[in-house]
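# Overview (structure and organization)
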Amino acid sequence: MSQRTLVLLKPDAVRRGLVGEIIGRIEKKAGWTLGALELRTLDREVLEQHYAEHVGKPFYEPLMTFMSSGPVVSLVVEGERVIEGVRALAGPTDPITAPSGSIRGDFGTITRENLIHASDSEESAEREIKIFFPGLS
Ligand code: CMP
């Protein structure tokens, strides 16, 4: 089942020079392709839309500060079961418990600065793609 998903390489990934490493892992999966890609520092309005479900949580404001602290790489990835697949490559939210071999497990230590975001369902993917790439059909 071909799908598309929204992936963000967070400011920590960009600052640490891990963009090539992470996109390389995604590109190496057979048949997955990049549908869109952009580097930019996100403004509050975009982040409020993206993280609407987390408003009021204790980590919300520090997350907003972190996510606007430097450029982010946004990409759309397309291919077979890519929603489940990119989340498997990323690993669980907490990098300390994420297994070795996953992006968070290999490179992260802090839950907030966990390198990568990937949509968690087809509905989220379509909502998030519209936020980051409104011109993409
Ligand atoms: P992600 O799952 O991409 O989207 C929500 C983000 O909030 C998550 O990645 C982390 O960056 C951050 N986050 C989630 N839970 C916590 C937490 N308990 N403490 C700090 N940051 C968190």
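Since we're looking at a predicted model, the values are computed, not measured.

### Side note on the site of the ligand
Close to the ligand lie Lys10, Tyr51, His54, Phe59, Leu63, Arg104, Thr111, Arg112, Asn114 and His117. Between the ligand and the protein, one listed contact pairs an oxygen atom with a backbone N or O atom of Arg112 at 2.9 Å. Between His117 and the ligand, the recorded distance is 3.0 Å, taken from a side-chain N or O atom to an oxygen atom. For the ligand, whose accessible area on its own is 460 Å², the fraction buried by protein is 75%.

### Points about helix H4 (residues 60-67)
Taken as a whole, H4 has its buried residues at Tyr60, Leu63, Met64, Phe66 and Met67. Take H4 and look down its axis: the buried residues cluster within an arc of 165°, on one side only. Buried residues along H4 sit against strand S1 (2-9), helix H1 (11-15), helix H3 (44-50) and strand S3 (72-80).

### Concerning the environment of Arg44
One can find Arg44 in helix H3. For the pair formed by Arg44 and Ser68, sequence separation is 24 residues and the distance between their alpha carbons is 7.4 Å. When neighbours within four sequence positions are excluded, Arg44 is seen to be in contact with Tyr60, Glu61 and Met64.

### Some details on helix H7 (residues 122-132)
For H7, every residue scored as buried is listed here: Ser124, Ala125, Glu128, Ile129, Ile131 and Phe132. With its buried residues spanning 155° around the axis, H7 presents them on a single face. Set apart from the buried face of H7 by more than 90 degrees, the exposed residues are Glu123 and Lys130. Residues of H7 that are buried in the fold lie against S1, strand S2 (33-40), H3, S3, helix H5 (82-90) and strand S4 (116-118).

### Comments concerning the packing of aromatic side chains
Applying the stated criterion across every chain, the model contains zero aromatic pairs. Positioned above the aromatic ring of Trp32, the side-chain terminus of Lys29 is 5.7 Å from the ring centre.

### Quick look at the nonpolar core
Membership of the largest hydrophobic core comes to 19 residues, with the highest contact counts inside it found for Val7, Leu9, Ile22 and Ile116. Contributions of two or more residues to this core are made by S1, helix H2 (19-27), S3, H5 and S4. Looking at this core element by element, the count peaks at four residues for H5. In this view, Leu9 contacts Val14, Val19, Ile22, Ile23, Val72, Val73, Leu75, Leu115 and Ile116; residues no more than four positions away in its chain are not counted. Grouped together as the second largest cluster of nonpolar side chains are 18 residues, Leu6, Leu8, Leu42 and Ile129 included.

### Quick notes on the environment of Arg127
Looking at the element boundaries, Arg127 is found in helix H7. Taking the C-alpha atoms as reference, Arg127 lies 9.2 Å from Leu6; in sequence the two are 121 residues apart. When residues no more than four places from it in sequence are discounted, the contact partners of Arg127 are Gln49 and His50. At a separation of 3.3 Å, a polar atom in the side chain of Arg127 contacts the main-chain carbonyl oxygen of His50.

Thresholds, definitions, all that
- Residues numbered from 1 in each chain as written.
- Predicted model: local features only at pLDDT ≥ 70, side-chain atom pairs only at ≥ 80, totals over all residues.
- Heavy atoms only, no water.
- Near = heavy atom within 4 Å.
- Polar contact = N/O pair within 3.5 Å; in protein donor to acceptor, adjacent residues only side chain to side chain.
- Areas by Shrake-Rupley, 256 points an atom, 1.4 Å probe, with all protein chains shown as cover.
- Buried < 20%, exposed > 50% of the residue type's maximum accessible area, 1.4 Å probe, protein only.
- Helix = DSSP H or I, 4+ residues; strand = E, 2+ residues; numbered from the N terminus.
- Arc of directions from axis to C-beta.
- Contact = heavy atoms within 4.5 Å.
- Phe/Tyr/Trp six-rings, centres within 6.5 Å; stacked < 30°, edge-to-face > 60°.
- Lys NZ or Arg CZ within 6 Å of the ring centre and 35° of its normal.
- Core = buried A, V, L, I, M, F, W, Y, C linked by side-chain atoms within 4.5 Å.

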